Amino acid sequence: MIQLFHVTKYYEGCLALSDISLRIEKGECVLLTGPSGAGKTSLLKLIFGSEHPDDGQILVQNRNIARLRRADIPYHRRTMGFVLQDFKLLPHRTVFENVALPLIIRGLSSSESRRKVIEALRAVGMEHKQATHAGVLSAGEQQRVCIARAIVNSPIILLADEPTGNLDPQLTTEITALFKAINARGTTVMMATHNRQVVEQLNGRIVRLDCGHLLSDQGTYA
Amino acid sequence: MKRFWYFLREAFISLRTHRASTLIGIITTAFTLTSFGTFLLLYYNVHNLIGRVQTNVQIIVYPKDAIEPQQLQDLKKTIQDHPAIDSLTFISKNDALQDFKKQFPDEAYLLEGLGTSPFPASLVLKLADSIPSTDAISTLVNRLQQNPEVERVRYNRDWIERLTLVITYIEIVALIVGGVLALASITIIANTVQLAFYTRQEEIEILRLIGGTNLFISIPYLIEGAVIGGLGGGMALGLLRGGFEFFKHKTHTLSVIGGFSSVFEFFPLPLSLLLISAGILLGCIGTLTSMYGWMRFRL
């Protein structure tokens, strides 16, 4: 599903990732852990295609991301969902409009979009708030909407960068449960977190990073 | 279809949100196109005027007195076969005398006792409508002057050439002024759209995050630029029409070729639409200029 071969990344001369090699299978739940600046976000960005590696290769569904043309990146992103710590919702749009956006980009019909949006909102327990503006929702609700938007396209990979970073322990439990449910349906989940509660609750494969180096990997790399 | 409504809605939300800069963009485009349109209107009318004058221009060819009837026939045929000539009328010496007597009956006595007519025979040529350039006419006149059977050719081309020169100057000035103003308009529209880009930076980032292509992200801004340009073009057309009507009203009593109003006319529909299209084009160029820099290095 996802393979990294000796990936190295620098930001203005500073090492962000050093010689990282990983293999993630379909349906796995991978937790990238480590302190701030360990390289967790950089790794996710490389897989997502918002950064290019300085060295090494990245294969996502047998497609080499390092060699992807600029024009193909949006299509690569449509195959995956991305959940961020700061939600990235449009505050003046309704919950429904926010979640429907990826489907408008794909050019789906209104009826099909509606069906998929309701399905995604139901999965995160936000169906009743579809007409509410995203800006007036609580942090937990916003993160649920963000997850709904990430899964509305039925992605095969769901990336999450500190999705519980802004949430209290109770909400963290709820959101983590959502990720667990999504992973249980067969979606590969790759999450960057330094929250022990999340790591314990998800009980996935733990990849530890520090200063751009891979410290340990519970999974196997062939 | 859903995408189409999305693009339209996004464009109009942006226009409404940035009312002040939208208005500045519209006014700048209107100013640009009004200035350019004034030159265009002037050029259009002077060009029309020259066209009318040229179609009424007559070339008078005076054959030599001693020309043989057969040579005269050959000369007529040569002239009639030329594509620049619409019609040819032969006025014999006697016809010329009769014309003089008709036009100046009080002076007719001056010619009594002369025997033969003192007036030369002539060929009056009317030019075809499809020969607009003075170059074509000059070429024809030169050829006729070199004909050995022709005494002389009368053609008052000087002032037509001067008028053509004036048109050339108008063209050059219109191009320079239009170019400078168009650049100003493109810059202002580019800034207007860039402002929209800055204020909606987060929204653009979100669209990128969920797989929006550059084209998908750009279309609402292109619509925005086109609307600003189109409205500016429409406003310019209104201003020009108003100015033109005012000019006509103020000059209708002047007796130049039956009054200015009978000579000058406003843009026909295709040219009016062209002016609005020019506004739309300026708007789109402004948007593209702004977007190119913005999107060039973003993944």
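What you are looking at is a predicted structure, and each value in this text was computed from that prediction instead of being measured.

## A closer look at the overall build of chain B
Argument step 1. On a plain count of helices and strands, chain B comes out with 10 helices and four strands.
Argument step 2. From first element to last, N terminus to C terminus, chain B shows the α and β order α-α-β-α-β-α-β-α-β-α-α-α-α-α.
Argument step 3. Going through the 299 residues of chain B one by one, you find that 26% of them count as buried.
Argument step 4. Restricting to contacts in chain B with at least 6 residues of sequence separation, those with at least 24 account for 85%.

## A short note on helix 1 (residues 2-17) of chain B
All names here are of chain B.
Argument step 1. For helix 1, with 16 residues, the first-to-last C-alpha span of 22 Å sits near the 22 Å given by 1.5 Å per residue.
Argument step 2. Among the residues of helix 1, Ala-11, Ser-14 and Leu-15 are the ones counted as buried. Around the axis of helix 1, the buried residues are gathered within 100 degrees of arc, so they sit on the same side. Counted as exposed and oriented over 90 degrees from the buried face of helix 1: Trp-5, Arg-9 and Arg-16.

## Topic: the interface of chain B and chain A
Argument step 1. Each partner contributes residues to the interface: chain B has 12 residues there, and chain A has 20 residues.
Argument step 2. When residues of the side of chain B that touches chain A are traced back to their parent elements, those giving at least two are helix 1 and helix 7 (201-209) of chain B.
Argument step 3. In terms of residue class, the side of chain B that touches chain A is made up of six nonpolar, three polar and three charged.

## Remarks on the packing of helix 3 (residues 95-106) of chain A against helix 5 (residues 139-151) of chain A
Residue and element names in this part refer to chain A.
Argument step 1. Helix 5 packs onto helix 3 with a crossing angle of 30 degrees between their chain directions and a minimal axis gap of 7 Å. If you check the angle between helix 3 and helix 5, you find them roughly parallel. At the point where helix 3 passes helix 5, the crossing takes the right-handed sense. For the pair formed by helix 3 and helix 5, the contact residues are Val-95, Asn-98, Val-99, Leu-101 and Pro-102 on the first element and Val-145, Ala-148 and Arg-149 on the second.
Argument step 2. Its residues assigned to classes, the contact of helix 3 with helix 5 shows six nonpolar, one polar and one charged.

## Section: the sheet that holds strand 4 (residues 150-154) of chain B
Residue and element names in this part refer to chain B.
Argument step 1. Ordered in space as 2-3-1-4, the four strands form an open sheet in which the pairing is antiparallel. Edge positions in the sheet fall to strand 2 (85-91) and strand 4, since each of these pairs with one other strand and no more. Adjacent strand axes in the sheet meet at a mean angle of 20 degrees, parallel and antiparallel pairs treated alike.
Argument step 2. By the bridge criterion, six bridges tie strand 2 to strand 3 (residues 122-127) in an arrangement that is antiparallel. Within the sheet, the bridge partner assigned to Phe-90 lies in strand 3 and is Leu-123.
Argument step 3. Running over the sheet, helix 3 (residues 69-81) touches strand 1 (58-63), strand 2 and strand 3 and is turned about 155 degrees from strand 2.

## With respect to the pairing of strand 4 (residues 55-60) of chain A
Side-chain positions along a regular strand alternate between the two faces of the sheet.
Residues and elements named next belong to chain A.
Argument step 1. Here strand 1 (residues 2-11) pairs with strand 4 via five bridges, running antiparallel. Bridge assignment links Ile-2 to a residue of strand 4, and that residue is Val-60.
Argument step 2. Looking at chain direction, strand 4 and strand 5 (residues 63-64) are connected through two bridges and run antiparallel. Paired with Val-60 across the two strands is Arg-63, which belongs to strand 5.

## Points about the confidence of the model for chain B
Do not read the predicted coordinates in detail wherever pLDDT is low.
All names here are of chain B.
Argument step 1. Averaged over chain B, the pLDDT score is 80; the fraction of residues at 70 or greater is 88%.
Argument step 2. In the model of chain B, helix 9 (residues 260-263) stands out as the element of lowest mean pLDDT, 61, in contrast to helix 8 (residues 214-251), which has the highest, 89.
Argument step 3. Both scores are available for the predicted complex, with the pTM at 0.68 and the ipTM at 0.85.

## Observations concerning the environment of B:Glu149
Residues and elements named next belong to chain B.
Argument step 1. Along the chain, Glu-149 falls in the loop between helix 5 (134-145) and strand 4.
Argument step 2. Taking the number of C-beta atoms within 10 Å as the measure of exposure, Glu-149 has 16 and is therefore partly exposed.
Argument step 3. Each C-alpha atom of the pair Glu-149 and Pro-63 lies 5.8 Å from the other, and the pair is 86 residues apart in sequence.
Argument step 4. Among residues more than four places away in sequence, those in contact with Glu-149 are Pro-63, Lys-64, Ile-67, Gln-71 and Leu-75.

## A short note on the sheet that holds strand 1 of chain A
Residue and element names in this part refer to chain A.
Argument step 1. Taken together, the four strands give an open sheet; going across it, the order is 2-1-4-5, and neighbouring strands pair in antiparallel fashion. Unpaired on one side and paired on the other, strand 2 (14-24) and strand 5 mark the two borders of the sheet.
Argument step 2. Pairing analysis gives seven bridges linking strand 1 to strand 2, with the strands arranged antiparallel. The residue bridging Tyr-10 from the neighbouring strand is Leu-15, located in strand 2.

Conventions we followed
- Residues numbered from 1 in each chain as written.
- Chains lettered and ligands numbered in written order.
- Predicted model: local features only at pLDDT ≥ 70, side-chain atom pairs only at ≥ 80, totals over all residues.
- Helix = DSSP H or I, 4+ residues; strand = E, 2+ residues; numbered from the N terminus.
- Buried ≥ 20, exposed ≤ 12 C-beta atoms within 10 Å, placed from the backbone.
- Contact = placed C-beta atoms within 7 Å.
- Expected span 1.5 Å × (residues − 1).
- Arc of directions from axis to C-beta.
- Nonpolar A, V, L, I, M, F, W, Y, C, P; charged D, E, K, R; others polar.
- Axes fitted to C-alpha atoms, helices over the stretch in contact; angles between N-to-C directions.
- Parallel < 35°, antiparallel > 145°, perpendicular 65-115°, else oblique.
- Left-handed = near helix turned anticlockwise from the far one by under 90°.
- Pairing = 2+ DSSP bridges.
- pLDDT = per-residue confidence, 0-100.

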